[in-house]
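As a plain string of letters, each chain reads:
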Amino acid sequence: MRTDVLRELLDGRWATLRRDSLDLLGKLEPAGELSREEHRAWVLEQMRTLAEGGYPAIGFPAEHGGRDDIGGSVVAFEALGYGDLSLMVKAGVQWGLFGGAVQALGTEEHHARYLPAIMSMELPGCFAMTETGHGSDVQHLRTTATYDVEAGEFVVHTPDPAARKDYIGNAARDGRVAVVFAQLVTRGQQHGVHALLVPIRDESGAPTPGVRIEDCGPKAGLNGVDNGRLTFDNVRVPREALLNRYGDVAPDGTYSSPVEGTGRRFFTMLGTLVRGRISVAGGAGSATKKALAIAIGYGSQRRQFTRPDTGEEVVVLDYLAHQRRLLPALATSYALHFAQEELVSALHDGGDDRHQRELESRAAGLKAVATWHATHTIQTCREACGGAGYLSENLLAGLKADTDVFTTFEGDNTVLLQLVAKGLLTSYRDHVGDLDPWGMARFVADQAVSVVIERTAARAIIDRLVRGSSDALLDRGWQVRQFEDRERHILEGLARRLRKASKQDAFDVFNAAQDHVLHAARAHVDRVVLEAFVAAVDRCPDPEVSALLDRVCDLYALSTIEGDRAWFLEHGRLSPARSKAVSQAVNQLCRQLRPHAPTLVDAFGIPEGWLAAPVLS
């Protein structure tokens, strides 16, 4: 098997940049066992090394020393996921969130003044959005930025303890300026959440007047990141501190914006920051691949119990139960990798408003699924390595601790899946009006719901597969039909439930249907991921590698169906006998793929220095 061909396919559109980023990562020395303060100091030093190596320039504008490669910046971030995750997260805070906010929400004056210093680490900064009382509900943050006309300044204030900025990366130790999200008030009128640049430390490192900084203290993981809490007591900043691309205040206090409506303006502003959510999904994917590389490497050499016919001890990965733990997870990681690649390309290429909405929805869904997959798979890998997996030196314990928070930062996963479902319902509503009985009947009768199942880059391939499909379990067209049919049916049922809501009971109806909402979103993401995998197999130039990926794709599809077979059974899509056949097929695929498992993880190209676990020696 040609591992190089497989790796080239995985490296994808940004292959050269991905490999350059891995080479740069390979030059960094792992931190080892450090105290919290030592770890923070080590991470800061590595940040400077990354800056010197040109890492942060990738995604910033060329006119300010960058390379104008938005997609490449996400790919480079993913590469850091194979190394120390505190370094990855701190890099994401500095250049993705802090620098990204200045780039996306500021104007040319902000770019010229701040971006070079942000890239070089001359200006370490923070992204101060989350509040103690408002994490997911950003639209109702309580921090205020009130414009003082006479002074020509904004007064940034924390009105109560619940409005304290919380869990802010770079705040406790290194940050000097924060992008603070606050309710903008001018001439007595509130204009919604806007972002301002607020100095939090002076040149000596002391808090600036009116700014209170607290350390969040030890965390379950990521202790190389200095998370802190920020409170503002009538802190004054100049009018120019407002990042005013989407909302500006004139010297006389007059507010103006190119985007009408507080709500639309808010979502437009947040939409520009979608890169952070996409980056988290990619970083989680890298950490998961690293865990699988360790567990599969260990399982390929560890022996337990003897075969009665030979008297030899059995390699652990030869046990079907062990294959069942690791290989479907490996197949899912491949599927998510290709879906992530499509998402990064969509971000990089840009598009109209509709494209942006689809991008935001897909980013929310993939972030949720990828980070939940990371949490589950890394735990499974730890268990698959037994007691050895519990030792810090074998890296899995650290991966588990460091990735646990991924399911809640850059958007709580449950909330994100609700956003995905709402987007699907909006698309549904656009085709059936207000979902009245006549509109619904016409919609279903005409099979127009298929317009909701908007296919990805694999559209032509999928259409061909579905048209020519049989009912064989390993027929790709049959698999795609199951995914599409599940998504369509769940969405139709959800629309019917929500159609009954009135203005008086809308919240209660939606709240009662939340399990249905989450299922609809998950079914949608699963289908999008499968289509991305299908497209990747189709573009593989090597027949042998393509055949291997076909089996990996089969394993992803059938293990996903098996995982939700209660739905398929309850809704008559699988008979009991066929449900058993799905499980038997998963078993058979695990056995077929077992000899290829080391090749599949080797193709990730993880630098050897970051796989220095004694359990692999």
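As shown above, the structure is provided for reference.
Residues numbered from 1 in each chain as written. Predicted model: local features only at pLDDT ≥ 70, side-chain atom pairs only at ≥ 80, totals over all residues. Heavy atoms only, no water.

A. Quick peek at the overall build of the protein. Helix and strand content of the protein: 21 helices and 13 strands. A principal-axis box enclosing the C-alpha atoms of the protein has dimensions of 85 × 65 × 40 Å. Put simply, the protein has 617 residues, and 56% of those count as buried. (Helix = DSSP H or I, 4+ residues; strand = E, 2+ residues; numbered from the N terminus. Buried < 20%, exposed > 50% of the residue type's maximum accessible area, 1.4 Å probe, protein only.)

B. Broad picture of the packing of aromatic side chains. Overall, the coordinates contain 10 aromatic pairs when judged by the stated rule. Geometrically, the ring pair formed by W567 and F568 is edge-to-face, given 5.2 Å between the ring centres and 90° between the ring planes. No difference in accessibility class separates W567 from F568, as the two residues are buried. (Phe/Tyr/Trp six-rings, centres within 6.5 Å; stacked < 30°, edge-to-face > 60°.)

C. Representation of a negative patch on the surface in the model. Taken together, the side chains of E63, D68, E108 and E109 define an acidic patch exposed on the protein surface. Residue position: E109 is located in helix α6 (residues 108-120). Exposure remark for E109: the relative accessible area of 63% places this residue in the exposed category. (Patch = residues over 30% accessible without salt bridge, like charges linked within 9 Å, V, L, I, M, F, W, Y side chains within 5 Å. Areas by Shrake-Rupley, 256 points an atom, 1.4 Å probe, with all protein chains shown as cover. Salt bridge = Lys/Arg side-chain N within 4 Å of Asp/Glu carboxyl O. Lys, Arg positive; Asp, Glu negative; His and termini not counted. Charge placed at Lys NZ, Arg CZ, Asp CG, Glu CD.)

D. A look at the packing of helix α9 (residues 320-349) against helix α18 (residues 543-563). It is at 8 Å that the axes of α9 and α18 come closest, and there the two elements cross at 110°. Of the possible angle classes, the one that applies to α9 and α18 is roughly perpendicular. Packed against α9, whose contacting residues are R324, L327, P328, A331, T332, Y334 and A335, the element α18 presents L549, V552, L555, Y556, S559 and E562 at the interface. (Axes fitted to C-alpha atoms, helices over the stretch in contact; angles between N-to-C directions. Parallel < 35°, antiparallel > 145°, perpendicular 65-115°, else oblique. Contact = heavy atoms within 4.5 Å.)

E. Spatial organisation of the pattern of salt bridges. Tallied over the full model, the rule gives 39 salt bridges. A salt bridge links E383 to R325, with the shortest nitrogen-to-oxygen separation between them at 3.6 Å. Here E383, found in helix α10 (residues 353-384), pairs with R325, found in helix α9; they are 58 residues apart in sequence, far enough to count as distant. The exposure class of E383 is partly exposed, given its relative accessible area of 39%. In this structure, D471 and R481 form a salt bridge, with 2.9 Å as the shortest nitrogen-oxygen distance. Pair noted here: D471 is in the loop between α14 (459-467) and α15 (476-499) and R481 is in helix α15, with a separation of 10 residues, a long-range link. Connected through shared salt-bridge partners, R7, D11, R18, R19 and E78 make up one network.

F. The arrangement of the layout of surface pockets in detail. Considered as a void within the structure, the second largest pocket measures approximately 750 Å³ in volume. G32, E33, D84, G398 and D402 are, among the 27 residues lining the second largest pocket, the residues nearest its centre. When contributions to the lining of the second largest pocket are tallied by element, the ones reaching two or more residues are α3 (36-52) and α11 (396-403). Sorting elements by how many residues they give to the lining of the second largest pocket places α11 first, with 5 residues. (1 Å grid on protein atoms, 1.4 Å probe; cavity = no way out; pocket = protein on both sides within 12 Å on 5 of 7 lines; lining within 4 Å. Points joined across faces, edges and corners; volume = space filled by probe spheres on them.)

G. Structural context of helix α4 (residues 70-80). Most of α4 is tucked away: 10 of the 11 residues are buried. Buried residues of α4: G71, G72, S73, V74, V75, A76, F77, E78, A79 and L80, and no others. Looking at the buried side of α4, the elements it contacts are α2 (15-26), α3, α5 (85-105), α8 (274-299) and α9.

H. Geometry of the environment of G217. Among the secondary structure elements, G217 is positioned in the loop between β7 (211-215) and β8 (228-232). Once the C-alpha coordinates of G217 and Y167 are considered, the two residues, 50 residues apart in sequence, prove to be 10.0 Å apart. Ignoring anything within four residues of it in the chain, the contact list for G217 reads R36 and N223.

I. Here's a closer look at the pairing of strand β9 (residues 235-238). Alternating residues of β9 divide into V235 and V237, all buried, and R236 and P238, none buried. Bridge count for strand β3 (residues 153-157) against β9 is 4 bridges, and the pairing is antiparallel. Within β9, the residue paired with V156 across the bridge is V235. (Pairing = 2+ DSSP bridges.)

J. Representation of α9 in the model. Helix length check: α9 (30 residues) gives 43 Å between terminal C-alpha atoms against 44 Å at 1.5 Å per residue, within 8%. A large share of α9 lies buried, amounting to 23 of its 30 residues. Two residues or fewer past α9, G350 is found with a positive phi of approximately 70°. (Expected span 1.5 Å × (residues − 1).)

K. Highlighting the environment of R302. With respect to the helices and strands, R302 occurs in the loop between α8 and β12 (303-306). Owing to a relative accessible area of 35%, R302 belongs among the partly exposed residues under this scheme. If we ignore the near neighbours within four places in the chain, the residues touching R302 are V314, V315 and V316.

L. Just the environment of M121, in detail. For M121, the position within the fold is in the loop between α6 and β1 (125-128). Here the alpha-carbon distance between M121 and L50, two residues 71 residues apart in the chain, equals 9.5 Å. With near-sequence residues (within four places) excluded, M121 lies in contact with L44, M47, A51, Q94 and W95.

M. Here's a closer look at a positive patch on the surface. Taken together, the side chains of R496, R497, R499 and K500 define a basic patch exposed on the protein surface. Relative accessible area serves as the criterion here: at 33%, R496 is assigned to the partly exposed category.

N. Spotlight on the nonpolar core. Within the largest apolar cluster, 171 residues are counted, with the highest numbers of intra-cluster contacts made by W95, F181, Y334 and F533. Setting aside chain neighbours within four positions, we find W95 in contact with M47, L50, A51, Y55, P56, F60, G100, I118, M119 and M121. (Core = buried A, V, L, I, M, F, W, Y, C linked by side-chain atoms within 4.5 Å.)

O. Focus on the sheet that holds strand β4 (residues 165-168). With antiparallel pairing, 3 strands are arranged side by side in an open sheet as β4-β8-β7. Bordering the open sheet on either side are β4 and β7, each of which pairs with just one other strand. Within this sheet the neighbouring strands show an average axis-to-axis angle of 20°, counted without direction. Bridge count for β7 against β8 is 5 bridges, and the pairing is antiparallel. Residue pairing for β8: I213 is matched across the bridge by L230.

P. Structural detail: unusual backbone geometry. Residue N170 is not a glycine yet carries a positive backbone phi of 75°. Among the structural elements, N170 can be located in the loop between β4 and β5 (177-186). Assessed through its relative accessible area of 1%, N170 is described here as buried. Even without being a glycine, E410 presents a positive backbone phi close to 60°. Note that E410 resides in the loop between α11 and α12 (413-432).

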